[in-house]
Amino acid sequence: MASASSSAEQETLPPGVLRRAIAASAMGNATEWFDYGVYAFTVSYISAAFFPGDTGSATLYALLVFAVSFVVRPLGGLVWGPLGDRLGRRQVLALTIILMAGATFCVGLVPGYDVIGFWAPLLLVLLRMIQGFSTGGEYGGAATFMAEYSRTASAVSAGVSSSSAPSAVMRSVRSWSWWWSCSPAIRSCPRGAGGSRS
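Residues numbered from 1 in each chain as written. Predicted model: local features only at pLDDT ≥ 70, side-chain atom pairs only at ≥ 80, totals over all residues. Heavy atoms only, no water.

## Notes on the packing of aromatic side chains
Taken as a whole, this structure holds 8 aromatic pairs when the rule is applied. Here Y36 and F70 contribute two aromatic rings whose centre-to-centre distance is 4.9 Å and whose plane-to-plane angle is 50 degrees, an arrangement assigned as tilted. In this pair, Y36 sits in helix α2 (residues 15-41) while F70 sits in helix α4 (residues 55-87), placing the two residues 34 residues apart along the sequence. Classification of Y36 as buried rests on a relative accessible area of 2%. Judged by relative accessible area, F70 falls into the partly exposed class, the value being 33%. Ring centres of F51 and Y61 lie 5.9 Å apart, and the angle between their planes is 40 degrees; this geometry places the pair in the tilted category. With a gap of 10 residues between them, F51 in the loop between α3 (43-50) and α4 and Y61 in helix α4 connect regions that are remote in the sequence. What makes F51 buried here is its relative accessible area of 11%. (Phe/Tyr/Trp six-rings, centres within 6.5 Å; stacked < 30°, edge-to-face > 60°. Helix = DSSP H or I, 4+ residues; strand = E, 2+ residues; numbered from the N terminus. Buried < 20%, exposed > 50% of the residue type's maximum accessible area, 1.4 Å probe, protein only.)

## Digging into the side chain of T135
Tracing the sequence through the fold places T135 in helix α7 (residues 119-149). In this view, T135 contacts E32, Y36, R73 and M100; residues no more than four positions away in its chain are not counted. (Contact = heavy atoms within 4.5 Å.)

## As for the packing of helix α5 (residues 89-109) against α7
Viewed as axis vectors pointing N to C, α5 and α7 meet at an angle of 150 degrees, and their least axial separation amounts to 8 Å. Taken together, the axes of α5 and α7 lie roughly antiparallel to each other. Viewed along their axes, α5 and α7 form a crossing whose handedness is left-handed. Looking at side-chain class alone, the contact of α5 with α7 contains 13 nonpolar, 8 polar and 4 charged residues. (Axes fitted to C-alpha atoms, helices over the stretch in contact; angles between N-to-C directions. Parallel < 35°, antiparallel > 145°, perpendicular 65-115°, else oblique. Left-handed = near helix turned anticlockwise from the far one by under 90°. Nonpolar A, V, L, I, M, F, W, Y, C, P; charged D, E, K, R; others polar.)

## Points about the pattern of salt bridges
With the rule as written, the count across this model stands at 1 salt bridge. We note a salt bridge from D85 to R89, for which the minimum N-O separation is 2.3 Å. The class for D85 is exposed, based on a relative accessible area of 57%. (Salt bridge = Lys/Arg side-chain N within 4 Å of Asp/Glu carboxyl O.)

## Concerning the environment of A94
Inspection of the secondary structure assignment puts A94 in helix α5. For the pair A94 and G28, spaced 66 residues apart in sequence, the C-alpha separation works out to 8.1 Å.

## Brief notes about the confidence of the model for the chain
Chain-level pLDDT for the chain is 74 on average; 68% of the residues reach the 70-or-more range. Averaged pLDDT values for the elements of the chain fall to 42 in helix α9 (residues 183-197) and rise to 92 in helix α6 (residues 113-116). The model gives residues 1-10 a pLDDT under 50, and that stretch makes 4 contacts with residues more than four places away or in other chains. Across residues 161-198, confidence stays below pLDDT 50; counting only partners more than four residues off in sequence or on other chains, it has 16 contacts. (pLDDT = per-residue confidence, 0-100.)

## Looking at the side chain of Q131
Locating Q131 in the fold gives a position in helix α7. On the accessibility criterion, Q131 (0% relative accessible area) is buried. Among the polar contacts listed, one links the side chain of Q131 to the side chain of T104, at a separation of 3.0 Å. Residues within four places of Q131 in sequence aside, it is in contact with D35, Y36, M100, A103, T104 and V107. (Polar contact = N/O pair within 3.5 Å; in protein donor to acceptor, adjacent residues only side chain to side chain.)

## Structural notes on a nonpolar patch on the surface
Taken together, the side chains of Y113, F118, W119, L122, L123 and L126 make up a nonpolar region of the molecular surface, amounting to roughly 580 Å² of accessible area. The greatest single-element share of the nonpolar patch, amounting to 4 residues, is contributed by α7. (Patch = residues over 30% accessible without salt bridge, like charges linked within 9 Å, V, L, I, M, F, W, Y side chains within 5 Å. Areas by Shrake-Rupley, 256 points an atom, 1.4 Å probe, with all protein chains shown as cover.)

## Describing the nonpolar core
Side chains that are nonpolar tend, in soluble globular proteins, to be buried together. Counting residues in hydrophobic clusters, the biggest one holds 17 residues, and the most contacted among them are Y39, I46, F50, F51, A62 and L124. Sorting the residues of this core by element identifies α2, α3, α4, α5 and α7 as the ones contributing at least two each. Of the residues forming this core, the biggest block, 4 residues, is contributed by α4. If sequence neighbours within four positions are ignored, L124 has contacts with Y39, I46, F50, F51, V65 and V107. In this structure, V17, A21, L93 and F145 belong to the second largest nonpolar core, which totals 8 residues. (Core = buried A, V, L, I, M, F, W, Y, C linked by side-chain atoms within 4.5 Å.)

Written out as structure tokens, the structure is:
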């Protein structure tokens with residue numbers, strides 16, 4: 001009975017609501033990956049500004065700081081996911097986008113190592129952790145937000161199956177050393193096909 005009422009609610013959604021939901025999810029995802037791309041692209045400048053010493057070790061430290069945001073992402077998902085269940089996906093998604101954008105802005109304000117010493121890399125690590133924490137909630141929240149606004153449950157099940165099956169195949173053939181580089185491309189094909197149906 002509950003599924004019949006939820007499908008009736010989805011059928012009565014005005015087209016503007018669905019477009020806003022898609023735009024909000026796309027904006028959050030774009031904000032997230034823009035920051036990661038800019039950091040990776042400018043890692044040589046960041047290493048020179050924030051880490052003293054030779055170029056090789058400074059670049060390694062900058063890349064470790066880049067990796068910190070990925071380590072913190074699951075914690076963000078664990079915190080923001082239940083908050084989205086209780087407070088609503090839209091509010092939590094907006095908060096994570098603002099948190100991500102604010103931390104990205106603050107990274108640009110942090111002076112270099114020559115100005116404030118060890119506080120510069122420490123602040124950079126802290127801000128990257130905030131970015132990763134907010135991204136952990138944004139990515140899962142946006143996916144759930146879109147699933148809740150999808151017109152049918154088949155779109156959700158198609159997305160789950162298209163991401164699970166290729167991953168299982170990849171795990172079974174991991175012994176081939178060259179195969180890992182093909183894995184993301186192969187997994188993205190069914191996802192793209194499922195996304196074009198909606």
